[in-house]
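Structural characterization, general
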Amino acid sequence: MEKEKYYISTAIAYTSSKPHIGNTYEVILADAIARYKRLKGFDVYFQTGTDEHGEKIELKAKEAGIEPKKYVDNVANTIKDIWDIMNTSYDRFVRTTDPKHEKIVQKIFKKMYDKGDIYKGEYKGLYCTPCESFWTESQLVDGKCPDCGRDVEEKAEEAYFFKLSKYQDKLVEYIESHPEFIQPESRKNEMLNNFIKPGLQDLCVSRSTFSWGIPTGIDPKHVVYVWLDALTNYITFIGYDPDGSSDEFKKWWPADLHLIGKDIIRFHTIYWPCFLWSLDLELPKQVFGHPWLLTNNDKIGKSRGNAIYADDLVKLFGVDAVRYYVLHEIPFANDGNLTYELLIERTNTDLANTLGNLVNRTISMANKYFDGVVINKGVKEDVDSDLISYINNLDKKVEEKMDKLEIGFALDEIFNVLRRSNKYIDETTPWVLAKEEDKQDRLETVLYNLLESIRVCACLLYPFLPGTSDEIFKQINISDKDLVYKENNEYKDMKPEVLFQRIDKDKKLEEINNNWFTNVYML
Ligand SMILES: [Zn+2]
């Protein structure tokens with residue numbers, strides 16, 4: 001049987017500077033979803049990458065005294081390194097300076113121009129240079145840029161425009177008849193009521209005041225402006241071509257999920273659908289605008305001086321502790337909060353105690369009482385059925401949460417079973433059974449049940465904590481990845497090793513305080 005396809009993408013990261021943990025969060029989230037879909041038998045394509053054009057990069061490169069291409073090469077490499085450090089399983093890392101992309105974007109521009117969807121006009125507006133955005137008077141907050149709070153300046157330039165207005169009615173109709181298209185739901189209403197229904201202005205899609213962009217191809221003075229260049233990455237890199245697309249494109253498009261930050265949902269649910277319609281293409285099935293990761297409830301950003309980087313966190317806590325924290329703490333619709341104290345607490349309570357201790361105690365008891373060989377002796381008691389039903393319901397419960405992209409709640413379901421298993425140890429008291437000669441088969445059954453629970457939990461932990469899942473399988477020394485309790489597995493040659501070291505909070509905070517490394521901002 002052919003596998004069902006699943007195409008997931010992140011937004012492409014802007015190569016103006018190294019991404020902080022708030023930006024890195026998105027690729028970890030996408031990775032968990034991609035791995036989960038693979039686990040469930042889907043044929044997955046996971047695309048991420050970098051957005052490398054624009055005035056801000058031109059300025060930054062100039063400041064650094066290097067060519068823009070050299071500048072973006074450096075930052076793109078840093079970004080890819082961080083994605084790799086976080087153990088993300090993307091299938092393709094794309095860069096908008098790739099000549100293949102540039103060539104197709106030119107063709108797209110021409111196709112839209114020939115169709116009459118792009119025309120030449122003059123752009124007047126209030127411009128924020130760092131954000132590369134024009135704003136209307138009503139969008140400003142206290143007279144400043146609504147995104148970064150900086151001053152804006154009046155600016156006019158000759159430019160090419162995309163006829164967004166032409167697609168307004170179609171867009172309203174589409175969004176209202178496809179409730180799953182924009183998630184979470186609250187974002188859908190915001191887009192409809194605040195942006196689309198009040199009236200769509202035609203969108204400026206070229207610039208002539210800087211040169212670091214893709215040439216329009218039809219007018220040498222102009223380069224393609226940001227969104228037409230950036231958004232099209234989702235189709236150009238899988239083989240879209242106005243002159244005839246590849247089989248790869250036909251296989252993967254439309255995308256199943258564009259995962260993006262809530263701040264760019266407007267561009268993905270207004271501009272992008274209209275661009276796609278102009279090209280006579282289908283829309284992605286879903287756009288999910290995830291919440292932000294805050295530090296001490298403040299938005300992370302370099303300009304705010306509180307940037308924390310994923311690679312530094314990994315040096316302090318390890319990859320899976322950081323993955324666990326960001327995946328678990330960031331709720332579905334509200335912003336998440338990151339502090340060192342909370343990260344330490346979560347690592348200690350959930351990872352070291354609930355998960356690590358369970359695995360370690362169970363394997364140690366198996367080694368101590370049965371020389372590490374455990375099979376199911378079938379001496380069941382009432383208390384077993386509750387544990388076994390927890391194990392057997394887990395797959396379905398995780399699926400329900402993952403289908404709604406409630407990643408943190410999916411993790412909670414797994415940890416509920418781990419907690420239930422720890423409680424099972426208290427209920428069955430293996431150390432008491434061990435002292436009674438006629439209870440040896442019961443004791444072995446108890447340990448068998450615990451190992452089955454650990455096995456199924458480890459399978460389902462894989463999307464979230466892939467390294468830890470692999471390590472648990474190594475320790476329990478079994479290859480069975482079925483997501484149900486089995487009666488006849490055999491456990492042997494198991495080796496317990498500490499999965500997560502308990503962190504001494506004061507010591508760790510002191511270590512951070514002493515600037516063990518340089519980039520960290522103290523919370
Ligand atoms: Zn700004």
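Residues numbered from 1 in each chain as written. Predicted model: local features only at pLDDT ≥ 70, side-chain atom pairs only at ≥ 80, totals over all residues. Heavy atoms only, no water.

Attention now moves to the overall build of the chain. A tally of regular secondary structure across the chain gives 19 helices and 18 strands. For the chain, whose C-alpha radius of gyration is 26 Å, the value lies close to the compact-globule estimate of 24 Å for 523 residues. Along the three orthogonal principal directions, the C-alpha set of the chain runs to about 90 × 55 × 40 Å. Here the chain holds 523 residues, and 56% of them are scored as buried. When contacts within the chain are restricted to residue pairs at least 6 apart in sequence, long-range pairs at least 24 apart make up 78% of them. Carbon and sulfur atoms make up 46% of the accessible area of the chain, which amounts to about 22200 Å² in all. (Helix = DSSP H or I, 4+ residues; strand = E, 2+ residues; numbered from the N terminus. Rg over C-alpha atoms; globule rule 2.2 N^0.38 Å. Buried < 20%, exposed > 50% of the residue type's maximum accessible area, 1.4 Å probe, protein only. Contact = heavy atoms within 4.5 Å. Areas by Shrake-Rupley, 256 points an atom, 1.4 Å probe, with all protein chains shown as cover.)

With that settled, consider the environment of Tyr240. Relative to the elements of secondary structure, Tyr240 occurs in the loop between helix H8 (233-236) and helix H9 (247-252). Overall, Tyr240 belongs to the buried group, its relative accessible area being 4%. Separated by 139 residues in the primary sequence, Tyr240 and His101 have C-alpha atoms spaced 9.6 Å apart. If near-sequence neighbours (up to four positions away) are discounted, Tyr240 is found in contact with Ile104, Ile108, Lys111, Ile235, Ser245, Phe249, Leu279 and Leu281.

As a further point, take the packing of helix H5 (residues 168-177) against helix H6 (residues 185-196). Close contact between H5 and H6 brings their axes to 11 Å; oriented N to C, the two are set at 160 degrees. When the axis of H5 is compared with that of H6, the two are roughly antiparallel. As H5 packs across H6, the resulting crossing turns out to be left-handed. Only Lys188, Leu192 and Ile196 of H6 make contact with H5, whose side of the interface consists of Gln168, Leu171, Val172, Ile175 and Glu176. Grouping the amino acids of the contact of H5 with H6 by side-chain chemistry returns five nonpolar, one polar and two charged. (Axes fitted to C-alpha atoms, helices over the stretch in contact; angles between N-to-C directions. Parallel < 35°, antiparallel > 145°, perpendicular 65-115°, else oblique. Left-handed = near helix turned anticlockwise from the far one by under 90°. Nonpolar A, V, L, I, M, F, W, Y, C, P; charged D, E, K, R; others polar.)

Let's shift gears to the pattern of salt bridges. The final tally for this structure, using the stated rule, is 47 salt bridges. The partner of Asp114 in a salt bridge is Lys110, with the nearest N and O atoms 2.9 Å apart. With Asp114 and Lys110 both in helix H4 (residues 99-115) and four residues apart, the pair spans about one turn of that helix. Overall, the relative accessible area of 42% leaves Lys110 in the partly exposed class. Between Lys115 and Asp280 there is a salt bridge, and its shortest N-O distance comes to 3.6 Å. (Salt bridge = Lys/Arg side-chain N within 4 Å of Asp/Glu carboxyl O.)

Roughly 190 Å³ of volume is contained in the second largest pocket. Around the second largest pocket, the lining residues are Tyr6, Ile33, Tyr36, Lys37, Phe42, Asp256, Leu257, Lys285, Gln286, Met402, Asp403 and Leu405. Elements with a minimum of two residues in the lining of the second largest pocket: helix H1 (21-39) and helix H14 (382-403). At three residues, H1 tops the list of elements feeding residues into the lining of the second largest pocket. Tallied by class, residues from the lining of the second largest pocket come to seven nonpolar, one polar and four charged. (1 Å grid on protein atoms, 1.4 Å probe; cavity = no way out; pocket = protein on both sides within 12 Å on 5 of 7 lines; lining within 4 Å. Points joined across faces, edges and corners; volume = space filled by probe spheres on them.)

The next point concerns the nonpolar core. Ranked by internal contacts, the top residues of the largest apolar core, which has 104 residues, are Phe317, Leu355 and Phe464. Per-element tally for this core: the top contributor is helix H17 (residues 440-461), with 13 residues. Not counting residues up to four positions away in its chain, the partners in contact with Phe464 are Ala32, Arg323, Leu327, Met402, Ile407, Ala410, Leu411 and Ile414. Core analysis: the second largest hydrophobic core is formed by 57 residues, Leu164, Val172, Ile196 and Ile214 among them. (Core = buried A, V, L, I, M, F, W, Y, C linked by side-chain atoms within 4.5 Å.)

A few words on the pairing of strand E12 (residues 257-261). Along E12, five of the five residues are buried, which leaves the element largely enclosed by surrounding structure. Residues of E12 alternate between two faces, with Leu257, Leu259 and Gly261 on one and His258 and Ile260 on the opposite face, all of them buried. With three bridges connecting them, strand E1 (residues 5-10) and E12 associate as parallel partners. Bridging across to E12, Thr10 finds its partner in Leu259. Note on the crossover from E12 through helix H10 (residues 265-278) to strand E13 (residues 287-290): the handedness is right-handed. (Pairing = 2+ DSSP bridges. Right-handed = clockwise from strand over helix to strand, strands pointing away.)

Below, the discussion takes up the confidence of the model for the chain. On average, residues of the chain carry a pLDDT of 92, and 95% of them reach 70 or more. Counting contacts from residues 516-523, a segment whose pLDDT is below 50, to residues more than four positions away or on other chains yields 25 contacts. (pLDDT = per-residue confidence, 0-100.)

Inspection of every chain in the model, using the stated rule, returns two cavities of 30 Å³ or more. Around the second largest cavity, the lining residues are Asp51, His53, Gly54, Phe210, Trp212, Gly213, Val223, Val224, Tyr225, Val226 and Asp229. Sorting the residues of the lining of the second largest cavity by element identifies strand E11 (223-224) and helix H7 (226-231) as the ones contributing at least two each. Here the residues of the lining of the second largest cavity are counted per class, giving six nonpolar, three polar and two charged.

Omega for the peptide link from Gln183 to Pro184 comes to -10 degrees, which places this bond in the cis form. Inspection of the secondary structure puts Pro184 in the loop between strand E8 (182-183) and H6. Here Trp253 and Pro254 are connected by a cis peptide whose omega angle stands at 5 degrees. Tracing the chain through its elements places Pro254 in the loop between H9 and E12. Look at Asp280: it is not a glycine, yet its phi comes out positive at around 60 degrees. Within the secondary structure layout, Asp280 lies in the loop between H10 and E13. Relative accessible area serves as the criterion here: at 60%, Asp280 is assigned to the exposed category. For Asn477, which is not glycine, the phi dihedral falls at a positive 55 degrees.

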